[in-house]
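Observations on chain architecture
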Amino acid sequence: MPELPEVESLTGFLAEHLVGRSVARVYPLAVHALKTYDPPPGALEGLVFESVTRHGKFLDFTAGGRGGSGTSELHLVIHLARAGWIRWNEALPAAPPRPGKGPLALRVRLAEPEGAGFDVTEAGTQKRLAVHLVRDPQQVPGIARLGPDPLADSFTLAAFTELLHRERRQIKGMLRDQGVIAGIGNAYSDEILHAARMSPFKPAANLSEEETARLHAAIGSTLREAVERSRGLPLRDLKAEKKSGLRVHGRTGEPCPVCGDTIREVSFSDSSLQYCPTCQTNGKPLADRRLSRLLK
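Worth saying up front: this structure is predicted, and the values here are computed from it rather than measured.

**Considering the sheet that holds strand β3 (residues 58–64)**
Ordered in space as β2-β3-β4-β8, the four strands form an open sheet in which the pairing is antiparallel. The two strands at the open ends of the sheet, each matched to only one other strand, are β2 (48–55) and β8 (130–134). If you compare each strand with its neighbour and ignore which way they point, the axes differ by 20° on average. Here β3 pairs with strand β4 (residues 74–79) via six bridges, running antiparallel. Residue pairing across strands places F58 opposite H79, the latter belonging to β4. With respect to the sheet, helix α1 (residues 4–18) is in contact with β2 and β3, its orientation differing from that of β2 by roughly 170°.

Next comes the structure, spelled out in C-alpha coordinates:
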(Lines give C-alpha, C1' and ligand atoms only; values in the text may rest on other atoms or scores of the structure.)
Protein backbone atom coordinates (compact mmCIF):
# COMPACT_ATOMS: atom_id res chain seq x y z
CA MET A 1 0.00 0.00 0.00
CA PRO A 2 1.38 3.45 -0.88
CA GLU A 3 1.94 5.41 2.33
CA LEU A 4 3.02 8.98 3.03
CA PRO A 5 6.57 8.78 1.57
CA GLU A 6 5.42 7.20 -1.70
CA VAL A 7 2.47 9.57 -2.06
CA GLU A 8 4.79 12.50 -1.33
CA SER A 9 7.07 11.36 -4.16
CA LEU A 10 4.10 10.82 -6.48
CA THR A 11 2.98 14.36 -5.67
CA GLY A 12 6.33 15.86 -6.63
CA PHE A 13 6.63 13.87 -9.86
CA LEU A 14 3.08 14.59 -10.99
CA ALA A 15 3.29 18.29 -10.14
CA GLU A 16 6.41 18.56 -12.30
CA HIS A 17 4.69 16.85 -15.24
CA LEU A 18 1.15 18.23 -14.98
CA VAL A 19 1.08 21.80 -13.66
CA GLY A 20 0.26 24.24 -16.44
CA ARG A 21 -1.06 21.56 -18.79
CA SER A 22 -4.69 21.18 -19.78
CA VAL A 23 -6.92 18.10 -19.79
CA ALA A 24 -8.06 16.80 -23.17
CA ARG A 25 -10.08 13.74 -22.15
CA VAL A 26 -10.98 11.82 -19.02
CA TYR A 27 -11.93 8.16 -19.26
CA PRO A 28 -13.54 6.72 -16.10
CA LEU A 29 -13.32 2.96 -16.64
CA ALA A 30 -14.04 1.39 -13.24
CA VAL A 31 -17.45 2.35 -11.90
CA HIS A 32 -16.61 0.99 -8.45
CA ALA A 33 -13.71 3.44 -8.09
CA LEU A 34 -15.72 6.60 -8.85
CA LYS A 35 -17.15 7.82 -5.55
CA THR A 36 -18.80 11.05 -6.79
CA TYR A 37 -21.07 11.93 -9.74
CA ASP A 38 -21.54 15.72 -9.49
CA PRO A 39 -19.54 17.21 -11.09
CA PRO A 40 -19.02 14.39 -13.60
CA PRO A 41 -15.48 13.34 -14.59
CA GLY A 42 -15.90 15.08 -17.95
CA ALA A 43 -16.02 18.43 -16.15
CA LEU A 44 -12.21 18.26 -15.94
CA GLU A 45 -11.86 18.42 -19.72
CA GLY A 46 -10.54 21.79 -20.85
CA LEU A 47 -9.28 22.73 -17.39
CA VAL A 48 -5.63 23.34 -16.55
CA PHE A 49 -3.82 21.56 -13.73
CA GLU A 50 -2.77 24.21 -11.21
CA SER A 51 -1.21 22.06 -8.50
CA VAL A 52 -0.78 18.53 -7.18
CA THR A 53 -0.77 18.22 -3.40
CA ARG A 54 -1.12 15.57 -0.73
CA HIS A 55 -3.50 15.08 2.20
CA GLY A 56 -2.18 12.10 4.16
CA LYS A 57 -2.35 9.28 1.59
CA PHE A 58 -4.73 11.20 -0.71
CA LEU A 59 -3.53 12.82 -3.95
CA ASP A 60 -5.24 16.12 -4.80
CA PHE A 61 -5.05 17.37 -8.41
CA THR A 62 -6.36 20.95 -8.55
CA ALA A 63 -7.59 22.12 -11.97
CA GLY A 64 -9.21 25.36 -13.06
CA GLY A 65 -9.38 28.15 -15.64
CA ARG A 66 -11.54 27.59 -18.66
CA GLY A 67 -11.08 30.65 -20.83
CA GLY A 68 -12.98 33.15 -18.68
CA SER A 69 -16.12 31.02 -18.47
CA GLY A 70 -16.25 31.46 -14.71
CA THR A 71 -15.52 27.81 -14.03
CA SER A 72 -14.30 27.40 -10.47
CA GLU A 73 -11.54 25.06 -9.36
CA LEU A 74 -12.16 21.34 -9.29
CA HIS A 75 -10.21 18.77 -7.31
CA LEU A 76 -9.52 15.28 -8.61
CA VAL A 77 -8.84 13.40 -5.38
CA ILE A 78 -7.45 9.87 -5.53
CA HIS A 79 -6.81 7.36 -2.76
CA LEU A 80 -4.73 4.47 -4.08
CA ALA A 81 -5.75 2.10 -1.26
CA ARG A 82 -3.85 -1.18 -1.04
CA ALA A 83 -3.15 -2.01 -4.69
CA GLY A 84 -3.63 1.21 -6.66
CA TRP A 85 -0.93 3.04 -8.58
CA ILE A 86 -0.41 5.84 -11.10
CA ARG A 87 1.46 5.25 -14.36
CA TRP A 88 2.79 8.19 -16.36
CA ASN A 89 2.99 7.79 -20.13
CA GLU A 90 4.46 10.18 -22.69
CA ALA A 91 2.55 8.40 -25.46
CA LEU A 92 -0.79 6.91 -24.43
CA PRO A 93 -2.47 4.61 -26.96
CA ALA A 94 -4.47 6.59 -29.53
CA ALA A 95 -7.54 4.37 -29.26
CA PRO A 96 -9.92 5.12 -26.34
CA PRO A 97 -9.61 2.51 -23.60
CA ARG A 98 -12.48 0.09 -23.06
CA PRO A 99 -13.91 -0.81 -19.67
CA GLY A 100 -13.07 -4.36 -18.78
CA LYS A 101 -11.58 -6.70 -16.23
CA GLY A 102 -8.07 -5.30 -16.43
CA PRO A 103 -6.37 -3.07 -13.86
CA LEU A 104 -7.08 0.25 -15.64
CA ALA A 105 -9.54 2.34 -13.60
CA LEU A 106 -9.06 5.89 -14.92
CA ARG A 107 -7.17 7.52 -17.80
CA VAL A 108 -6.42 11.24 -18.08
CA ARG A 109 -5.11 12.42 -21.46
CA LEU A 110 -3.46 15.84 -21.74
CA ALA A 111 -4.00 18.31 -24.55
CA GLU A 112 -0.27 18.95 -24.72
CA PRO A 113 2.07 17.37 -25.32
CA GLU A 114 -0.22 15.32 -27.51
CA GLY A 115 -0.62 11.77 -26.28
CA ALA A 116 0.82 12.33 -22.81
CA GLY A 117 -1.13 11.57 -19.67
CA PHE A 118 -1.52 9.12 -16.83
CA ASP A 119 -3.39 5.97 -15.94
CA VAL A 120 -4.74 5.06 -12.52
CA THR A 121 -4.64 1.30 -12.04
CA GLU A 122 -5.60 -1.19 -9.36
CA ALA A 123 -4.32 -4.75 -9.16
CA GLY A 124 -5.91 -7.68 -7.34
CA THR A 125 -9.47 -8.63 -6.56
CA GLN A 126 -10.10 -6.34 -3.57
CA LYS A 127 -11.21 -3.16 -5.26
CA ARG A 128 -10.70 -0.27 -2.82
CA LEU A 129 -9.37 2.45 -5.10
CA ALA A 130 -11.31 5.70 -4.62
CA VAL A 131 -11.63 8.54 -7.14
CA HIS A 132 -13.50 11.76 -6.24
CA LEU A 133 -14.14 14.90 -8.29
CA VAL A 134 -15.16 17.67 -5.91
CA ARG A 135 -15.12 21.45 -5.57
CA ASP A 136 -13.47 21.31 -2.15
CA PRO A 137 -11.22 18.46 -0.93
CA GLN A 138 -12.92 18.68 2.46
CA GLN A 139 -15.97 17.18 0.75
CA VAL A 140 -14.09 13.88 0.67
CA PRO A 141 -14.96 12.15 3.98
CA GLY A 142 -11.52 10.56 4.32
CA ILE A 143 -9.80 13.95 4.05
CA ALA A 144 -12.25 15.69 6.37
CA ARG A 145 -11.40 13.25 9.18
CA LEU A 146 -7.62 13.27 8.79
CA GLY A 147 -5.42 13.92 11.78
CA PRO A 148 -2.29 16.10 11.62
CA ASP A 149 0.40 15.49 9.03
CA PRO A 150 3.53 14.10 10.74
CA LEU A 151 5.82 16.07 8.41
CA ALA A 152 4.16 19.41 9.16
CA ASP A 153 5.93 21.97 11.33
CA SER A 154 2.91 21.93 13.64
CA PHE A 155 3.49 18.25 14.50
CA THR A 156 5.56 19.12 17.55
CA LEU A 157 6.41 16.97 20.53
CA ALA A 158 3.80 18.87 22.55
CA ALA A 159 1.11 18.21 19.93
CA PHE A 160 2.05 14.53 19.75
CA THR A 161 1.97 14.20 23.54
CA GLU A 162 -1.55 15.61 23.55
CA LEU A 163 -2.62 13.01 21.00
CA LEU A 164 -1.22 10.20 23.17
CA HIS A 165 -3.10 11.41 26.22
CA ARG A 166 -6.42 10.89 24.39
CA GLU A 167 -5.64 7.28 23.47
CA ARG A 168 -6.66 4.04 25.11
CA ARG A 169 -5.28 1.77 22.38
CA GLN A 170 -2.01 0.03 21.66
CA ILE A 171 0.53 2.21 19.90
CA LYS A 172 0.50 0.22 16.64
CA GLY A 173 -3.22 0.84 16.13
CA MET A 174 -2.89 4.51 16.99
CA LEU A 175 -0.12 5.09 14.46
CA ARG A 176 -2.20 3.54 11.68
CA ASP A 177 -5.36 5.49 12.46
CA GLN A 178 -5.66 8.22 9.82
CA GLY A 179 -7.95 10.20 12.09
CA VAL A 180 -5.12 10.49 14.62
CA ILE A 181 -2.04 10.91 12.36
CA ALA A 182 -2.33 11.20 8.59
CA GLY A 183 -0.31 9.08 6.19
CA ILE A 184 1.22 6.24 8.25
CA GLY A 185 0.20 2.71 7.34
CA ASN A 186 1.14 -0.82 8.27
CA ALA A 187 4.66 -0.80 6.83
CA TYR A 188 5.96 2.49 8.20
CA SER A 189 4.33 1.97 11.59
CA ASP A 190 6.45 -1.20 11.89
CA GLU A 191 9.54 0.77 10.83
CA ILE A 192 8.83 3.61 13.25
CA LEU A 193 8.30 1.27 16.21
CA HIS A 194 11.51 -0.58 15.42
CA ALA A 195 13.44 2.70 15.24
CA ALA A 196 11.88 3.75 18.56
CA ARG A 197 12.69 0.35 20.16
CA MET A 198 9.07 -0.06 21.21
CA SER A 199 6.60 -2.96 21.33
CA PRO A 200 3.66 -2.54 18.91
CA PHE A 201 1.31 -3.59 21.71
CA LYS A 202 2.42 -1.05 24.29
CA PRO A 203 -0.57 1.10 25.40
CA ALA A 204 -0.21 4.57 23.91
CA ALA A 205 -1.35 6.30 27.08
CA ASN A 206 1.35 4.55 29.15
CA LEU A 207 4.36 6.02 27.39
CA SER A 208 6.82 7.88 29.58
CA GLU A 209 8.15 11.31 28.61
CA GLU A 210 11.35 9.72 27.33
CA GLU A 211 9.45 7.11 25.30
CA THR A 212 7.13 9.76 23.89
CA ALA A 213 10.07 11.88 22.74
CA ARG A 214 11.79 8.84 21.27
CA LEU A 215 8.68 7.80 19.33
CA HIS A 216 8.05 11.34 18.08
CA ALA A 217 11.64 11.55 16.81
CA ALA A 218 11.34 8.12 15.14
CA ILE A 219 8.20 9.18 13.28
CA GLY A 220 9.92 12.21 11.80
CA SER A 221 13.23 10.56 10.97
CA THR A 222 11.73 7.39 9.47
CA LEU A 223 9.33 9.23 7.18
CA ARG A 224 11.79 11.92 6.11
CA GLU A 225 14.48 9.36 5.31
CA ALA A 226 11.99 7.40 3.19
CA VAL A 227 10.96 10.56 1.34
CA GLU A 228 14.59 11.42 0.62
CA ARG A 229 15.36 7.91 -0.65
CA SER A 230 12.56 8.12 -3.22
CA ARG A 231 13.03 11.75 -4.24
CA GLY A 232 13.47 12.10 -8.00
CA LEU A 233 12.90 8.43 -8.81
CA PRO A 234 10.69 7.43 -11.76
CA LEU A 235 7.23 6.27 -10.68
CA ARG A 236 8.01 2.71 -11.76
CA ASP A 237 10.83 2.51 -9.20
CA LEU A 238 9.01 3.84 -6.12
CA LYS A 239 7.55 0.50 -5.00
CA ALA A 240 10.90 -1.25 -5.24
CA GLU A 241 12.57 1.58 -3.34
CA LYS A 242 10.04 1.31 -0.54
CA LYS A 243 10.57 -2.43 -0.20
CA SER A 244 14.36 -2.21 -0.28
CA GLY A 245 14.40 0.53 2.35
CA LEU A 246 12.30 -1.32 4.94
CA ARG A 247 14.31 -2.78 7.81
CA VAL A 248 11.74 -5.04 9.51
CA HIS A 249 8.40 -4.87 7.69
CA GLY A 250 8.01 -7.76 5.27
CA ARG A 251 11.26 -9.35 6.48
CA THR A 252 10.00 -12.19 8.68
CA GLY A 253 12.76 -14.72 9.34
CA GLU A 254 15.58 -12.39 8.32
CA PRO A 255 18.16 -11.04 10.79
CA CYS A 256 17.49 -7.67 12.36
CA PRO A 257 19.88 -5.13 10.79
CA VAL A 258 20.53 -3.64 14.25
CA CYS A 259 21.06 -6.62 16.58
CA GLY A 260 20.96 -9.73 14.37
CA ASP A 261 17.99 -11.36 16.14
CA THR A 262 15.39 -13.04 13.90
CA ILE A 263 12.55 -10.77 12.83
CA ARG A 264 9.20 -12.18 13.96
CA GLU A 265 5.64 -11.74 12.73
CA VAL A 266 2.15 -11.41 14.20
CA SER A 267 -0.60 -12.27 11.72
CA PHE A 268 -4.15 -10.95 11.65
CA SER A 269 -7.09 -11.70 9.37
CA ASP A 270 -6.05 -9.29 6.61
CA SER A 271 -2.59 -8.04 7.56
CA SER A 272 0.52 -8.77 9.59
CA LEU A 273 3.17 -6.88 11.51
CA GLN A 274 6.88 -7.53 11.90
CA TYR A 275 9.17 -6.68 14.81
CA CYS A 276 12.47 -7.57 16.45
CA PRO A 277 12.15 -9.17 19.91
CA THR A 278 15.58 -8.00 21.09
CA CYS A 279 15.12 -4.40 19.97
CA GLN A 280 11.45 -4.01 20.86
CA THR A 281 10.12 -6.49 23.42
CA ASN A 282 13.02 -7.28 25.76
CA GLY A 283 13.65 -10.54 23.91
CA LYS A 284 10.13 -11.90 24.43
CA PRO A 285 8.18 -13.04 21.34
CA LEU A 286 4.64 -11.78 20.87
CA ALA A 287 1.80 -14.29 20.68
CA ASP A 288 0.65 -14.61 17.09
CA ARG A 289 -3.04 -13.92 17.55
CA ARG A 290 -5.34 -10.92 17.43
CA LEU A 291 -4.97 -8.61 20.45
CA SER A 292 -1.76 -10.45 21.34
CA ARG A 293 0.00 -9.98 24.64
CA LEU A 294 3.57 -10.73 25.56
CA LEU A 295 4.04 -14.37 26.37
CA LYS A 296 4.70 -14.85 30.06
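From this point, things continue past the structure.
**Quick word on the packing of aromatic side chains**
In this structure the tally under the stated criterion is four aromatic pairs. Judged by centre distance (6.5 Å) and plane angle (75°), the rings of F13 and W88 are edge-to-face. Highlighted residues: F13 in helix α1 and W88 in strand β5 (residues 84–89), separated in sequence by 75 residues. Look at W88 and you get buried, because its relative accessible area is 16%.

**A closer look at the sheet that holds strand β6 (residues 104–110)**
Read across the sheet, four strands follow the order β1-β6-β7-β5 without closing on themselves; strand pairing throughout is antiparallel. At either end of the open sheet lies a strand with only one pairing partner, and these are β1 (23–28) and β5. Put simply, the sheet's adjacent strands are angled 15° from each other on average, direction ignored.

**Notes on unusual backbone geometry**
Omega for the peptide link from D38 to P39 comes to 5°, which places this bond in the cis form. As for its position among the elements, P39 is in the loop between β1 and β2. Residues E112 and P113 are joined by a peptide bond in cis, for which omega reads -10°. By the secondary structure assignment, P113 is in the loop between β6 and β7 (117–122). Positioned with a positive phi, A81 is a non-glycine residue whose angle comes to about 55°. Here A81 shows up in the loop between β4 and β5.

**Let's talk about the layout of surface pockets**
Of the voids in this model, the largest pocket is the one considered here, and its volume is about 540 Å³. In terms of lining, the largest pocket is formed by 22 residues, of which the most central are M1, E3, A187, K242 and H249. Elements with a minimum of two residues in the lining of the largest pocket: β5, α5 (186–195) and α7 (235–245). When residues of the lining of the largest pocket are assigned to their parent elements, the largest contribution, three residues, is made by α7. Among the residues making up the lining of the largest pocket, the classes are represented as six nonpolar, six polar and ten charged. In this structure, the second largest pocket spans a volume of roughly 360 Å³. M1, K57, H79, A81 and Q178 are, among the 18 residues lining the second largest pocket, the residues nearest its centre.

**Considering α5**
Most of α5 sits out of view: nine of its ten residues are buried. What α5 keeps buried is the set N186, A187, Y188, S189, D190, E191, I192, L193 and H194. Where α5 is buried, its residues contact α1, α4 (171–176), α6 (209–230), α7, β10 (272–275) and α8 (277–280). Two residues or fewer after α5 comes R197, characterised by a positive phi angle close to 55°.

**Some thoughts on the pairing of β2**
Across seven bridges, the pairing between β2 and β3 is antiparallel. In the sheet register, T53 faces β3, and the bridge partner there is D60. The turn linking β2 back onto β3 is made up of two residues, and G56 within it adopts a positive phi angle of 60°.

**Quick notes on the UniProt feature "domain: FPG-type" (unreviewed entry) in the chain**
The positions that UniProt labels "domain: FPG-type" (unreviewed entry) are, in the present scheme, residues 247–281. The straight-line gap between the two end C-alpha atoms of residues 247–281 is 17 Å; of that span, 11% is helix and 23% is strand.

Calculation rules
- Residues numbered from 1 in each chain as written.
- Predicted model: local features only at pLDDT ≥ 70, side-chain atom pairs only at ≥ 80, totals over all residues.
- Heavy atoms only, no water.
- Pairing = 2+ DSSP bridges.
- Helix = DSSP H or I, 4+ residues; strand = E, 2+ residues; numbered from the N terminus.
- Axes fitted to C-alpha atoms, helices over the stretch in contact; angles between N-to-C directions.
- Contact = heavy atoms within 4.5 Å.
- Phe/Tyr/Trp six-rings, centres within 6.5 Å; stacked < 30°, edge-to-face > 60°.
- Buried < 20%, exposed > 50% of the residue type's maximum accessible area, 1.4 Å probe, protein only.
- 1 Å grid on protein atoms, 1.4 Å probe; cavity = no way out; pocket = protein on both sides within 12 Å on 5 of 7 lines; lining within 4 Å.
- Points joined across faces, edges and corners; volume = space filled by probe spheres on them.
- Nonpolar A, V, L, I, M, F, W, Y, C, P; charged D, E, K, R; others polar.
- UniProt positions renumbered as here; feature names shortened; annotations may be inferred.

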